Amino acid sequence: MLTLDLTGKRALVAGVADDGGFGFAIAKALIEAGATVCVATWPPALNIFLNLLERGKMDESRKLKDGTLLNFEKIYPLDAVFDTLEDAPQELRESKRYKDVGDFSIAGLAARVQADFGAQPLDILVHSLANGPEVKKPLMETSRAGYLAAVSASAYSLVSMVRHFGPLMRRGGSVASLTYMASERAIPGYGGGMSSAKAALESDTRVLAFEAGRKYGIRINTVSAGPYASRAASAIGIIDNMVKYCQTNTPLPEVLEAVEVGHATAFLCSPLASGITGATVYVDKGYHSMGMAVDGATVPTFGA
Ligand SMILES: NC(=O)c1ccc[n+]([C@@H]2O[C@H](COP(=O)([O-])OP(=O)(O)OC[C@H]3O[C@@H](n4cnc5c(N)ncnc54)[C@H](O)[C@@H]3O)[C@@H](O)[C@H]2O)c1
């Protein structure tokens, strides 16, 4: 039988702070496939996340197919807009949510993972994080600072993570990130430079796949997910409309579930996908293939 078997593999999933987003679903899928999973969490969300876990508030989502509860091997702090601790402003480093967590930079995370598990402990790295402080503003109204912040947190963070974690990854390893088709089509409402950040992320995926493929023998892909009402997506303000629109107009007229993104990402990170790198893989119920909406008043509905 062909199986998706990640037994003996270790993954780091960056961008998990609750059980309602793609990061959690991916971590769960990797664990179901036999991997051990560490997660990295944004410091402002870290305590709440640890609290929810401790108080059993996520036990339902933690339930695995065999009835046991999933456990993360480690939960690290990570603020992916900082490559080194020195890059973080003093004021932030001394602020309530950051001051006691240790080195929360990308380099700091890589050093911690190495200290905990040795020189080359990773097979899978997942980048499931994004932030655009002006996401609600149209691109034309977005400030330079807001635009650059979106690209820094949501795209450059992948470049930096591949630079810092490439040397920690075993040959045959795999990196995956999450993107959105606003990178290639205009999606009104997905503003603040987030569309630009996703375009950069997809382009960088191709270039990093070449560079890291040659240097470390690892693969790099990005999953273009359909709209899903996670915490981050709710900040966009129109996510419910986006979900409804897609549900109505996709070839498979159903709401996308996080588990579907989890499974596809686990596949991409598995040896079964050893020939796939530099790719943008759509997990969106087929929405990307459509050229016309079917729910408009001017368009007849075809079996919808
Ligand atoms: N939800 C959607 O509709 C959708 C669609 C396509 C792609 N995506 C992408 O999926 C990925 C995961 O998002 P999600 O929708 O599952 O939401 P989510 O809220 O579960 O994940 C986003 C995570 O990013 C973290 N984060 C924000 N700024 C950070 C920083 N500076 N350093 C470290 N972590 C930081 C947040 O704490 C959060 O845990 C993102 O890249 C997002 O753009 C989402």
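Residues numbered from 1 in each chain as written. Predicted model: local features only at pLDDT ≥ 70, side-chain atom pairs only at ≥ 80, totals over all residues. Heavy atoms only, no water.

As named in an unreviewed UniProt entry, the protein chain is Enoyl-[acyl-carrier-protein] reductase [NADH], taken from Pseudogemmatithrix spongiicola. According to the UniProt record, the Catalytic activity (unreviewed entry) comment for the protein chain reads "a 2,3-saturated acyl-[ACP] + NAD(+) = a (2E)-enoyl-[ACP] + NADH + H(+)". Its UniProt record gives the protein chain the following Pathway (unreviewed entry) comment, quoted word for word: "Lipid metabolism; fatty acid biosynthesis." (UniProt positions renumbered as here; feature names shortened; annotations may be inferred.)

A.B. asks: Before we move on, could you go through the UniProt feature "binding site: NAD(+)" (unreviewed entry) in the protein chain and cite the residues and values that matter?
C.D. replies: Per the UniProt annotation, the sites labelled "binding site: NAD(+)" (unreviewed entry) are Gly15, Leu129 and Lys198. Within the secondary structure, glycine 15 is located in the loop between strand E1 (10-14) and helix H1 (22-32). On the accessibility criterion, glycine 15 (31% relative accessible area) is partly exposed. Beyond its immediate chain neighbours, meaning those up to four positions away, glycine 15 contacts Gly23, Ala40, Ser128 and Leu129. If you trace the backbone, lysine 198 turns up in helix H7 (residues 194-216). Once you skip the residues sitting within four places of it in the chain, lysine 198 turns out to touch Ala130, Leu178, Thr179, Tyr180, Ser183 and Tyr190. (Helix = DSSP H or I, 4+ residues; strand = E, 2+ residues; numbered from the N terminus. Buried < 20%, exposed > 50% of the residue type's maximum accessible area, 1.4 Å probe, protein only. Contact = heavy atoms within 4.5 Å.)

A.B. asks: Which residues make up the environment of threonine 7, and what values go with them?
C.D. replies: Within the fold, threonine 7 resides in the segment before E1. With relative accessibility at 57%, the residue threonine 7 sits in the exposed group. Sequence separation between threonine 7 and serine 224 is 217 residues; the distance between their C-alpha atoms is 26 Å. Setting aside residues up to four positions removed in sequence, threonine 7 forms contacts with Ala33 and Gly34.

A.B. asks: Provide a residue-level description of the UniProt feature "active site" (unreviewed entry) in the protein chain, including the pertinent values.
C.D. replies: With numbering aligned to this structure, UniProt lists the feature "active site" (unreviewed entry) at Tyr180 and Tyr190. Ignoring sequence-local partners within four residues, the contact set of tyrosine 180 consists of Ile187, Tyr190, Lys198, Glu202, Ser224, Ala225, Pro227 and Met242. Of note, tyrosine 190 is situated in the loop between strand E5 (169-179) and H7. With residues up to four places along the chain from it excluded, the contact list for tyrosine 190 reads Val135, Tyr180, Ala182, Ser195, Lys198 and Ile236.

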